[in-house]
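Spelled out from the first residue to the last, the chains are:
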Amino acid sequence: MSRILITGGAGFIGSHLCDRLLSQGNEVICIDNLFTGRRKNIEHNFPNHNFEFVRHDITAPYLAEVDEIYNLACPASPVHYQYNPIKTVKTSVMGAINMLGLAKRVKAKILQASTSEVYGDPNVHPQTEEYWGNVNTIGIRSCYDEGKRCAETLFMDYHRQNAVRIKIIRIFNTYGERMDPFDGRVVSNFIVQALKGEDITIFGNGLQTRSFQYVDDLIEGMTRMMGTNDSIIGPVNIGNPNEFTMLELATKVIDLTGSSSKLIFKDLPSDDPKQRQPNISKAYELLDQWQPTVQLEEGLIKTIKYFDSELKTMK
Ligand code: NAD
Ligand code: UDP
């Protein structure tokens, strides 16, 4: 049993991580400022005496005696991270400094939830960890991309300079239950629009690609990474290599919901990556043959069921 700190633990991914680590008998401290996270994602854990929720913003230091830290705090949908871009950079950079400082002080192992966005609009396809990326420093996505890149730099420098035990994973597009129905990401947008019979908004021509990973596969990869020995620091891609265009995703969502929604085309936001697909051979090799087990249709069916019941309770 370990005492584990999860930043961003009330968010979509963080709340699933809380559940997994509690189910293994660990003590979990979840810190979150509830910017995009929701109390309802974690409230089922409130009666568990191994669970503690602390409302805290990681741009300020936080002290606790812990064995492991998972650093997930950061808005992840373009709509949310562009809402207050300066705050997004502060969360990634000052948050990383504060959590790495804590890890150094209490000798905890620390994992960074980095992102495929560090590859920007990639010229190498599929993306391997060796690729340095193609990122605009001054665009509307830069607050997130460069914030996450700088966080990786800080992790590596705390490791080299202070021997902090670090792990970096680069997460590719992940979806599943407890996504915020209105956070603007493509999977939640398409499902909510289909369930409400509204037009499905395709940005650009819909031929851009993403590779969608179901949340349970990510949690498995993430916890395996934390469990590796100290010589394994990453970065390691964690994602599902099955790649789809946004038109294919829309068609699948319409089929699975039986919706009568029509497609409408809207402007493509600037710097929107044209393609994205992880090479996961490193994860397979280092994480005990980890690979995704839930494919898109199966994951979408579960996610549609969740959104359907969310929308009904909102009525
Ligand atoms: P999310 O928005 O649901 O979760 C982020 C959580 O961080 C929220 O609970 C939010 O309230 C909290 N938070 C934000 N700023 C904070 C701050 N300053 N202090 C404390 N808490 C703060 O998003 P998610 O999809 O669960 O993403 C979790 C992490 O995984 C993020 O770091 C994100 O960059 C990374 N990631 C996610 C994806 C994905 O597809 N979902 C892909 C790549 C990387
Ligand atoms: N997208 C879309 N319609 C929407 C929301 C997003 O066509 O209603 C597109 C978006 O332009 C991008 C892709 O879907 O090409 C994935 O967008 P998301 O915001 O989910 O993630 P990210 O761009 O960060 O991978």
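Described below are features of the structure shown in this document. (Residues numbered from 1 in each chain as written. Chains lettered and ligands numbered in written order. Predicted model: local features only at pLDDT ≥ 70, side-chain atom pairs only at ≥ 80, totals over all residues. Heavy atoms only, no water.)

Before going further, it helps to examine the side chain of S188. Within the element layout of this structure, S188 appears in helix 5 (residues 186–196). S188 sits in the buried class, given a relative accessible area of 0%. Excluding its chain neighbours within four sequence positions, the residues that come into contact with S188 are M179, D180, P181, D183 and F307. (Helix = DSSP H or I, 4+ residues; strand = E, 2+ residues; numbered from the N terminus. Buried < 20%, exposed > 50% of the residue type's maximum accessible area, 1.4 Å probe, protein only. Contact = heavy atoms within 4.5 Å.)

Now for the packing of helix 1 (residues 12–23) against helix 6 (residues 215–226). Where helix 1 contacts helix 6, the axes come no closer than 10 Å and their chain directions differ by 60°. Classified by the angle their axes make, helix 1 and helix 6 are oblique. In terms of crossing hand, the pair formed by helix 1 and helix 6 is right-handed. Side by side, helix 1 and helix 6 meet where F12, I13, H16, L17, R20 and L21 of the first sit next to V215, D216, L218, I219, E220, M222 and T223 of the second. Of the residues that constitute the contact of helix 1 with helix 6, the class distribution is eight nonpolar, two polar and three charged. (Axes fitted to C-alpha atoms, helices over the stretch in contact; angles between N-to-C directions. Parallel < 35°, antiparallel > 145°, perpendicular 65-115°, else oblique. Left-handed = near helix turned anticlockwise from the far one by under 90°. Nonpolar A, V, L, I, M, F, W, Y, C, P; charged D, E, K, R; others polar.)

On a regular strand, each side chain points to the face opposite its neighbour's, so the side chains alternate between the two faces of the sheet. Here strand 4 (residues 68–71) shows no split at all, with E68 and Y70 on one side and I69 and N71 on the other all buried. Taken together, the four bridges between strand 1 (residues 3–7) and strand 4 define a ladder with parallel strand orientation. Each bridged residue has a counterpart across the sheet, and for I4 the counterpart in strand 4 is E68. Summarising the sheet, strand 4 and strand 5 (residues 109–115) pair through four bridges and their orientation is parallel. Residue pairing in the sheet places I69 in a bridge with I110 of strand 5. (Pairing = 2+ DSSP bridges.)

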